[in-house]
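# Chain and residue survey
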Number of protein chains: 4
Amino acid sequence: MVERRRLISVIGAGTADESLAAMARRVGALLARRGWGVVTGGLGGVMAAACQGASDQGGFTLGILPGMDPAAANPFCQVVIPTGMGQARNLLVVAAGAGAVAVGGAAGTLSEIGHALKAGKPVASLAGWQVAGVITAGDPEAAVGALLTALADSG
Amino acid sequence: MVERRRLISVIGAGTADESLAAMARRVGALLARRGWGVVTGGLGGVMAAACQGASDQGGFTLGILPGMDPAAANPFCQVVIPTGMGQARNLLVVAAGAGAVAVGGAAGTLSEIGHALKAGKPVASLAGWQVAGVITAGDPEAAVGALLTALADSG
Amino acid sequence: MVERRRLISVIGAGTADESLAAMARRVGALLARRGWGVVTGGLGGVMAAACQGASDQGGFTLGILPGMDPAAANPFCQVVIPTGMGQARNLLVVAAGAGAVAVGGAAGTLSEIGHALKAGKPVASLAGWQVAGVITAGDPEAAVGALLTALADSG
Amino acid sequence: MVERRRLISVIGAGTADESLAAMARRVGALLARRGWGVVTGGLGGVMAAACQGASDQGGFTLGILPGMDPAAANPFCQVVIPTGMGQARNLLVVAAGAGAVAVGGAAGTLSEIGHALKAGKPVASLAGWQVAGVITAGDPEAAVGALLTALADSG
């Protein structure tokens, strides 16, 4: 019997301005300090920032890539899964987490929010999509706090 | 060289009240009359109604199922693809169409809208999700009309 | 209630010499004459030849592509499903058929044979993989005959 | 920049007699001692044994499940990815590794061998499938040794 790592998905676009990147790093760091690993789509932008924030705090990071080349992963992923499945990897990113934090994001992130909600997982959203069923938060502390509370309540 | 069937995705929940079902049948019928086949997730509710509307007009219908058992398909699918891929089949449903019409719908439909927009396909929404990038329509005629216009413009 | 098309998967490589192409065309034609549609991976080589053979006999043809661009399909596919899922589309090709005929083929075909056998579907092999559980046939008539007999017995 | 874990896929059936299980544990242990993590399909039999062998040596273990319930994973997986994608997860298991060791195995394992070879990855086979392109080995030491040599040569 080994200790199983608990993961939260951090979802968002592959490019991010400094404001979004700072939020994503903070989300990753807060999750790591609370004992959660981070799973992302493994590329740049919000995904890289969340992994960086988590790994800076000694947290575990997993990247699930759309392509088959592991070299496409950002340098902050401890484990990389290349899938070659394109957008279908979006579903895997949210399937791997107990819940999700969206940081900004466009259509790909919307697909991930839909998949997470469909699977009954809580989703917190920062600076991005506000759709029914999602917890809208004003800053990383509120997003992570609300998500972990929702998980504790559902657990 | 054979004639290739053009398909539009009709997306929505596996259960539907009579109002939604009537809308979905009408969407299917209108698409068939305009020469388009219909692709859905192959189950009941909005999916079955859209296939029924299309096949009543002599249109082509394709169902892409989440499970591996073709017997789960509604009786109005001319071609059935069982996938065993669960929610990942949502991506396939929108990938198979040139554009999508959402009729009502919950989280699964939201994932399909996200995947369609990510792939650059036009999406019209009836009685359901109103998110950035989607054409909101008041009735089936408006939804189908706006979608086909968007396709013609992008083509 | 509409009539449902019955499909057989024809699997093999995207390039084929004239001998393999002739076998694949013949397999497609025989299936069409027996009332079966053909589903392939939608590209060239064995896939295109099987679709050509079937459509020349008025049969139905479905192509399930690894990429997202429907223009990559061979000209003999009546219905095209672009997936963007890369090799994962191999599973879909065999899931869509009641059984499979392999014509030649390399590693991708081997993955398809494995998926078909795992799903409990009969597989006939011509001029290619001979692995446990597969019906080895000497010519297209024998392959199609043995496959349809196996299907009738299991049905 | 974080240290990236290198993974080898260990593939085989969900049930295993003691002889196969002992081989799989040994494969997992040898990989861990050589600094490689182990990725499997996350269930029992060969998959559980390989994870157990690796984790007993302090190695990293990843399980990629066919279903959506993480509780289905064997107790030796440090990270679990539930996919809900059924057999399509077979592709992910081999995509996540730099190469694969097959221990026994039936049709599902054959699909994994096909996917690995298609992706250009070396595969060693113990007590199971002997197909073109696979390195057949007589014991775990030979299998792991030959696989790591093939990886070093291709790297």
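Check the entry above for the structure.
Source: prediction; values computed, not measured.

### Things to note about the overall build of chain A
Across its full length, chain A holds five helices and seven strands. Counted from the first residue to the last, chain A has its helices and strands arranged as β-α-β-α-β-β-α-β-α-β-β-α. Taken against the 2.2 N^0.38 rule, which gives 15 Å for 155 residues, the C-alpha radius of gyration of chain A at 14 Å falls within 12% of a compact globule. Taking the principal axes of the C-alpha coordinates as reference, chain A spans close to 35 × 35 × 30 Å. In chain A, which comprises 155 residues, the proportion classed as buried is 63%. A sequence separation of at least 24 residues applies to 56% of the contacts in chain A between residues at least 6 apart. Accessible area of chain A: about 5100 Å², with a carbon and sulfur share of 51%.

### Let's talk about the interface of chain B and chain D
Counting residues at the interface gives five residues for chain B, matched by five residues for chain D. Our enumeration of links across chain B and chain D arrives at zero salt bridges. Inspection of the region where chain B meets chain D yields two residue pairs in polar contact (both at pLDDT 80 or more). Here the side of chain B that touches chain D is built from residues that sort into two nonpolar, three polar and no charged.

### As for empty space enclosed by the protein
For the coordinates displayed, the defined rule picks out two cavities of 30 Å³ or more. By volume, the largest cavity amounts to about 50 Å³. Lining the largest cavity are Ile64(A), Ile81(A), Thr83(A), Leu92(A), Ile64(D), Ile81(D), Thr83(D) and Leu92(D). Residue composition of the lining of the largest cavity, grouped by class: six nonpolar, two polar and no charged. Estimates place the volume of the second largest cavity at around 30 Å³. Every residue lining the second largest cavity is listed: Ile64(B), Ile81(B), Leu92(B), Ile64(C), Ile81(C) and Leu92(C). Looking at side-chain class alone, the lining of the second largest cavity contains six nonpolar, no polar and no charged residues.

### Concerning the sheet that holds strand β3 (residues 61–65) of chain D
All names here are of chain D. Strands sit in the order β4-β3-β2-β1-β5-β6-β7 across an open sheet of seven strands; the sheet is parallel. The sheet terminates laterally at β4 (79–82) and β7 (135–137), the two strands that pair on one side only. Across this sheet, the average inter-strand angle for adjacent strands is 20 degrees, counted without regard to direction. The pairing of strand β1 (residues 7–11) with strand β2 (residues 37–40) spans three bridges and is parallel. From the neighbouring strand, Leu7 faces β2, where its bridge partner is Gly37.

### Concerning the relation of the copies chain B and chain D
Its rotation angle being 180 degrees, the transformation that places chain B on chain D also includes 0.0 Å of axial translation and leaves an RMSD of 0.0 Å. Expressed as an axis order, the relation between the two copies is that of a two-fold axis. Residue Met85(B) of chain B places its C-alpha closer to the rotation axis than any other residue of that unit, at 1.9 Å.

### Concerning the interface of chain A and chain D
Contact with chain A, which involves 30 residues of that partner, is made by 30 residues of chain D. Roughly 2400 Å² is buried in total at the junction of chain A and chain D, and carbon and sulfur atoms are behind 68% of that figure. The interface formed by chain A and chain D includes zero salt bridges. Our count for the chain A to chain D interface comes out at ten residue pairs in polar contact (both at pLDDT 80 or more). Taken together, the elements giving at least two residues each to the side of chain A that touches chain D come down to β3 (61–65), β4 (79–82) and α3 (88–95) of chain A. Each residue belonging to the side of chain A that touches chain D can be placed in one class, and the counts come to 23 nonpolar, four polar and three charged.

### Side note on helix α4 (residues 107–118) of chain D
A turn of α-helix holds 3.6 residues, and therefore any two residues three or four places apart point the same way. Residue and element names in this part refer to chain D. In this model, α4 (twelve residues) spans 17 Å end to end at C-alpha, consistent with the 16 Å of a helix rising 1.5 Å per residue. A large share of α4 lies buried, amounting to eleven of its twelve residues. Every buried residue of α4 is accounted for by Ala107, Gly108, Thr109, Leu110, Ser111, Glu112, Ile113, Gly114, His115, Ala116 and Leu117. Two residues or fewer past α4, Gly120 is found with a positive phi of approximately 80 degrees.

### Let's talk about the side chain of Thr61(D)
Residue and element names in this part refer to chain D. Considering the arrangement of structural elements, one finds Thr61 in strand β3. By relative accessible area, Thr61 is classed as buried at 0%. Here Phe76 takes part through its backbone oxygen, which lies 2.6 Å from a polar atom of the side chain of Thr61.

Analysis parameters
- Residues numbered from 1 in each chain as written.
- Chains lettered and ligands numbered in written order.
- Predicted model: local features only at pLDDT ≥ 70, side-chain atom pairs only at ≥ 80, totals over all residues.
- Heavy atoms only, no water.
- Helix = DSSP H or I, 4+ residues; strand = E, 2+ residues; numbered from the N terminus.
- Rg over C-alpha atoms; globule rule 2.2 N^0.38 Å.
- Buried < 20%, exposed > 50% of the residue type's maximum accessible area, 1.4 Å probe, protein only.
- Contact = heavy atoms within 4.5 Å.
- Areas by Shrake-Rupley, 256 points an atom, 1.4 Å probe, with all protein chains shown as cover.
- Salt bridge = Lys/Arg side-chain N within 4 Å of Asp/Glu carboxyl O.
- Polar contact = N/O pair within 3.5 Å; in protein donor to acceptor, adjacent residues only side chain to side chain.
- Nonpolar A, V, L, I, M, F, W, Y, C, P; charged D, E, K, R; others polar.
- 1 Å grid on protein atoms, 1.4 Å probe; cavity = no way out; pocket = protein on both sides within 12 Å on 5 of 7 lines; lining within 4 Å.
- Points joined across faces, edges and corners; volume = space filled by probe spheres on them.
- Pairing = 2+ DSSP bridges.
- Axes fitted to C-alpha atoms, helices over the stretch in contact; angles between N-to-C directions.
- Least-squares fit on C-alpha atoms with pLDDT ≥ 70 in both.
- Buried area = accessible area lost by both parts, 1.4 Å probe.
- Expected span 1.5 Å × (residues − 1).

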